[in-house]
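Summary of the model geometry
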Amino acid sequence: MSQYENLAGRTAVVTGAASGIGAAIAKAFAANGAKVALLARRADRIQELADKIRADGGQALAVATDITSDASVDAAVTAVNAAFGRVDLVVNNAGVMIPGDIGNAPFADWQKMLDTNVTGLLRVLRAFTPDLTADGHADLVNISSIAAHLTFPEYTVYGASKAAVTFVSNSLRAELGPKGVRVTNIEPGLVESELRDDITGESGAFLDEWIASAGILAAEELADVVAYTVSRPARVNLRQIIALPTTQY
Ligand SMILES: NC(=O)c1ccc[n+]([C@@H]2O[C@H](COP(=O)([O-])OP(=O)(O)OC[C@H]3O[C@@H](n4cnc5c(N)ncnc54)[C@H](OP(=O)(O)O)[C@@H]3O)[C@@H](O)[C@H]2O)c1
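Residues numbered from 1 in each chain as written. Predicted model: local features only at pLDDT ≥ 70, side-chain atom pairs only at ≥ 80, totals over all residues. Heavy atoms only, no water.

Sheet faces and side chains relate simply in a regular strand, where the side chains alternate between the two faces. Burial along strand S4 (residues 89-92) is two-sided: Leu-89 and Val-91 facing one way and Val-90 and Asn-92 facing the other are all buried. In this fold, S4 hands off to helix H4 (residues 107-132), which returns the chain to strand S5 (residues 138-143); that crossover is right-handed. (Buried < 20%, exposed > 50% of the residue type's maximum accessible area, 1.4 Å probe, protein only. Helix = DSSP H or I, 4+ residues; strand = E, 2+ residues; numbered from the N terminus. Right-handed = clockwise from strand over helix to strand, strands pointing away.)

Burial analysis of S5 places 6 of its 6 residues in the buried class, the great majority of the element. When S4 meets S5, the two strands line up parallel, connected through 4 bridges. Note that in S5 the partner of Asn-92 across the bridge is Asn-142. Bridge analysis of S5 against strand S6 (residues 181-188) gives 6 bridges, and the strand direction is parallel. Each bridged residue has a counterpart across the sheet, and for Asp-139 the counterpart in S6 is Arg-182. (Pairing = 2+ DSSP bridges.)

Let's shift gears to the packing of aromatic side chains. Scanning the model with the defined rule gives 6 aromatic pairs in all. Relative to Tyr-158, the ring of Tyr-155 lies with its centre 6.4 Å away and its plane at 80°, an arrangement referred to as edge-to-face. For the residue pair Tyr-155 and Tyr-158, the accessibility class agrees, reading buried in each case. (Phe/Tyr/Trp six-rings, centres within 6.5 Å; stacked < 30°, edge-to-face > 60°.)

Attention shifts here to the packing of H4 against helix H5 (residues 156-176). Where H4 meets H5, the axes come as close as 8 Å, and the angle between the chain directions of the two elements is 15°. When the axes of H4 and H5 are compared, the pair comes out roughly parallel. In this structure, H4 meets H5 at a crossing whose hand is right-handed. Contact residues: Trp-110, Met-113, Leu-114, Asn-117, Val-118, Leu-121, Leu-122, Leu-125 and Thr-129 in H4; Val-157, Tyr-158, Ser-161, Lys-162, Ala-164, Val-165, Val-168, Leu-172 and Leu-176 in H5. Residues belonging to the contact of H4 with H5 are distributed by class as follows: 14 nonpolar, 3 polar and 1 charged. (Axes fitted to C-alpha atoms, helices over the stretch in contact; angles between N-to-C directions. Parallel < 35°, antiparallel > 145°, perpendicular 65-115°, else oblique. Left-handed = near helix turned anticlockwise from the far one by under 90°. Contact = heavy atoms within 4.5 Å. Nonpolar A, V, L, I, M, F, W, Y, C, P; charged D, E, K, R; others polar.)

Below is the structure:
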């Protein structure tokens, strides 16, 4: 049964929908009656999720997309518009997190985080802005991080990329708000996902200890926060949300 009725009939794009928070957001939107385009690089994963959403009675389209590529994002816009028409809800969720100490981390890791978390987000934003501004009411949700505010050893570049996301959200409200685009910035704390999977050694141990002491949200719990936020009446903007496990501070 639909919990957030305002989502019915919306047309959503969720980047990074192959796993974790993005997959949970896509499921939550579809369960509430939105058409959902799933964007990520792993075609098999998003196709599997789209099939599951459709089997559950929802509407979903898998569009294999690399947000670091202009051509790939342009092709995604074309595919989504052809299948679903104009998009009125974009969730910029795709991101990567690669901790590393400032003296030794490979520069390529920093480049990947900036290319994905910042430039990729901007590329998706630009590609869908004509859709978002076309009709006087739309939502743009950017998934930043508590790391935009808190500092952790080895997370300098990741935190900087998320601080950029938070700044972009703030600045965009002035530009897109008057055009009816509600810009919401979400800063999660620890959330269960695949983000941690590739982190090994001392960095992985640090994360495990932190999760054990601070707790962790389920991806579905964060997705519920996002679905609640974008289903408020159009003129109400919960513009900045820090969503943490109660035991994290
Ligand atoms: N988990 C947390 O504790 C936490 C806390 C704060 C903020 N966040 C943020 O939440 C967002 C989602 O992360 P998550 O925790 O759910 O981790 P995740 O499970 O690793 O999900 C990241 C998603 O981004 C996609 N992605 C990565 N690079 C991409 C690219 N170039 N083009 C298109 N898609 C790409 C991945 O799919 P493919 O590999 O198939 O492309 C994957 O679906 C990220 O922005 C992350 O920084 C997470």
